[in-house]
Amino acid sequence: MTLTSSRAADIYRRTLTSSDAEPTCWWYLGTTTFVTDGHPEIIVNHVETAMLYRAEPLDGGAFRVPWWEIGVFRDAITGEIANQWTNPLSGETLSAARKFEEGPSGYTIRPAGDGIELVDAVQAMAKLEKATVTVIERDGRVAITQLEEKVRSFPARDGIPDLDEGQSKRSKTVLQWFADAADLASDAPSVPSTGIYSFTIGAPPWLGMGDRQGVFSVKGLMHKAPLEQPLNRRGWADLKVLFPEYFDGETIQPRWR
């Protein structure tokens, strides 16, 4: 179905977050891997992330999307919060990334032609080089695909290195989420959505791969949830321990400034 730019903007806003001021939490639940010639894909760890979004209206049907995220890495063998990782190619055991936080960051979505575009992205530990957003409605479902190409670094043991620390590499993120057109036909400010994502970047130094060529990636599921709903209870409990300042009882608390 052909969409107008205003319809595409409405779909994006109500599926990602809400047409009112209410923030929305997305869970990103994935697995990190490293691929290099001559070996099967190597599982590194698992990641459980809570990412908060909201929409702030601007002129001309545009809106600003501030976001921030907190996350934890989980040892692929023990299931505990990661402290170390053993490189199977070298046998070396190294200190691993265990948690990360980023934000507040944000971008603007605005109508453009017969669709929408993502502009004015601000992210402390990354520089956006290219972004595209497509919205497709077909057979009673809508699909939103967001592609971002950035220069950035991956979380290290002590957080995400700044761009000027020499660990930054080109990365590619693909987010794709889905919703029912029937839900969007209602006047609900926010509708249920779920999706998939992938992120690729060069190997972070803590993997211990040295000069070995390969691709490090995160692939997983993304699911929209209320702020007070611990969709992944194990991740929720660990995030409360690691980031207590971001919780008020059983509700996650956005920090936009």
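Heads up: the structure comes first, above all this text.
Rules used in this analysis
- Residues numbered from 1 in each chain as written.
- Predicted model: local features only at pLDDT ≥ 70, side-chain atom pairs only at ≥ 80, totals over all residues.
- Heavy atoms only, no water.
- 1 Å grid on protein atoms, 1.4 Å probe; cavity = no way out; pocket = protein on both sides within 12 Å on 5 of 7 lines; lining within 4 Å.
- Points joined across faces, edges and corners; volume = space filled by probe spheres on them.
- Helix = DSSP H or I, 4+ residues; strand = E, 2+ residues; numbered from the N terminus.
- Nonpolar A, V, L, I, M, F, W, Y, C, P; charged D, E, K, R; others polar.
- Core = buried A, V, L, I, M, F, W, Y, C linked by side-chain atoms within 4.5 Å.
- Buried < 20%, exposed > 50% of the residue type's maximum accessible area, 1.4 Å probe, protein only.
- Contact = heavy atoms within 4.5 Å.
- Polar contact = N/O pair within 3.5 Å; in protein donor to acceptor, adjacent residues only side chain to side chain.
- Salt bridge = Lys/Arg side-chain N within 4 Å of Asp/Glu carboxyl O.
- Pairing = 2+ DSSP bridges.
- Phe/Tyr/Trp six-rings, centres within 6.5 Å; stacked < 30°, edge-to-face > 60°.
- Lys NZ or Arg CZ within 6 Å of the ring centre and 35° of its normal.

**Student:** Help me understand the layout of surface pockets in this model?
**Tutor:** Rolled over the atoms, a probe with the dimensions of a water molecule shows which regions are left empty. Approximately 180 Å³ is the volume attributed to the largest pocket. In terms of lining residues, the largest pocket is bounded by I43, V44, N45, D75, A76, I77, A82, Q84, W85, T86 and A96. Elements that contribute at least two residues to the lining of the largest pocket include exactly strand 2 (42-53) and strand 5 (84-86). Taken together, the residues of the lining of the largest pocket break down into 7 nonpolar, 3 polar and 1 charged.

**Student:** Just to check I follow, could you spell out the nonpolar core for this structure?
**Tutor:** Generally speaking, a soluble globular protein has its nonpolar side chains buried in company with each other. Counting residues in hydrophobic clusters, the biggest one holds 51 residues, and the most contacted among them are Y12, Y53, W85, Y107, I109, W206 and L207. For W206, the residues in contact, after removing those within four places along its chain, are V44, N45, W85, L94, S95, A96, A97, F154, P155 and A156. C25, A50, I70 and I81 belong to the second-largest nonpolar core, a separate cluster that totals 18 residues.

**Student:** I tried to follow the environment of P111 on my own but got confused; where do I start?
**Tutor:** Counting through the fold element by element, P111 comes out in strand 7 (residues 99-112). Residue P111 is classed as partly exposed on the basis of its relative accessible area of 26%. Distance from P111 to A9, taken between C-alpha atoms, is 6.4 Å for residues 102 residues apart in sequence. In this structure, P111 is in contact with S5, G60, G61, A62 and I116, ignoring residues within four places of it in sequence.

**Student:** What is the right way to look at helix 3 (residues 233-242) in this model?
**Tutor:** Those residues of helix 3 lying buried are G235, W236, D238, L239 and L242. Next to the buried residues of helix 3 lie strand 1 (24-35), strand 2, strand 4 (63-75), strand 7, strand 14 (247-248) and strand 15 (251-252). Sitting at the head of helix 3, N232 places a side-chain oxygen 3.3 Å from the backbone nitrogen of R234.

**Student:** Sorry, what's going on with empty space enclosed by the protein here?
**Tutor:** Inspection of the entire model under this criterion finds 2 cavities of 30 Å³ or more. In this structure, the largest cavity occupies an estimated 520 Å³ of space. Residue lining of the largest cavity: 30 residues in total, with M51, E69, R152, T173 and F199 positioned closest to the centre. Contributions of two or more residues to the lining of the largest cavity are made by strand 2, strand 4, strand 7, strand 8 (115-122), strand 10 (141-152), strand 11 (169-180) and strand 12 (194-201). Tallied by class, the residues present in the lining of the largest cavity amount to 19 nonpolar, 6 polar and 5 charged. The computed volume of the second largest cavity comes to approximately 40 Å³. Looking at the lining of the second largest cavity residue by residue, the classes come out as 5 nonpolar, 3 polar and 1 charged.

**Student:** Help me understand the pattern of salt bridges in this model?
**Tutor:** Pairs can form between side chains of opposite charge once their charged atoms are near each other. In total, this model carries 13 salt bridges according to the counting rule given. Of the charged contacts in the structure, one is a salt bridge between D238 and R74, with a shortest N-O distance of 2.8 Å. Residue D238 is located in helix 3, and its partner R74 is located in strand 4; the two are separated by 164 residues in the primary sequence. Its relative accessible area of 18% is what places D238 among the buried residues. Taking the relative accessible area as the measure of exposure, R74 reaches 2% and is therefore buried.

**Student:** Help me out: how do you make sense of the pairing of strand 10 in this one?
**Tutor:** Both faces of the sheet carry side chains from a regular strand, because those side chains alternate between them. Here strand 9 (residues 126-138) pairs with strand 10 via 12 bridges, running antiparallel. Bridging from a neighbouring strand, V133 pairs with Q146 of strand 10. Bridge count between strand 10 and strand 11: 12 bridges; the pairing is antiparallel. Across the sheet, residue K150 finds its bridge partner in strand 11, namely S171.

**Student:** Is there a simple way to explain the packing of aromatic side chains in this structure?
**Tutor:** Geometry of an aromatic ring pair is reported as the spacing of the ring centres plus the angle between the planes. Tallying each qualifying case throughout the model produces 12 aromatic pairs. A centroid spacing of 4.9 Å and a plane angle of 80 degrees characterise the contact between F154 and F216, whose relative ring orientation is edge-to-face. Taken together, the residues span a long stretch of sequence, with F154 in the loop between strand 10 and strand 11 and F216 in strand 13 (residues 215-225) at a distance of 62 residues. Overall, the relative accessible area of 9% leaves F154 in the buried class. Members of the aromatic cluster, each reached through a chain of ring pairs, are F73, F100, F154, F199 and F216. The ring of F63 carries R13 above its face, with NZ or CZ at 5.4 Å from the centroid. The ring of F243 is capped by K99, whose NZ or CZ atom sits 5.2 Å from the centre of that ring.

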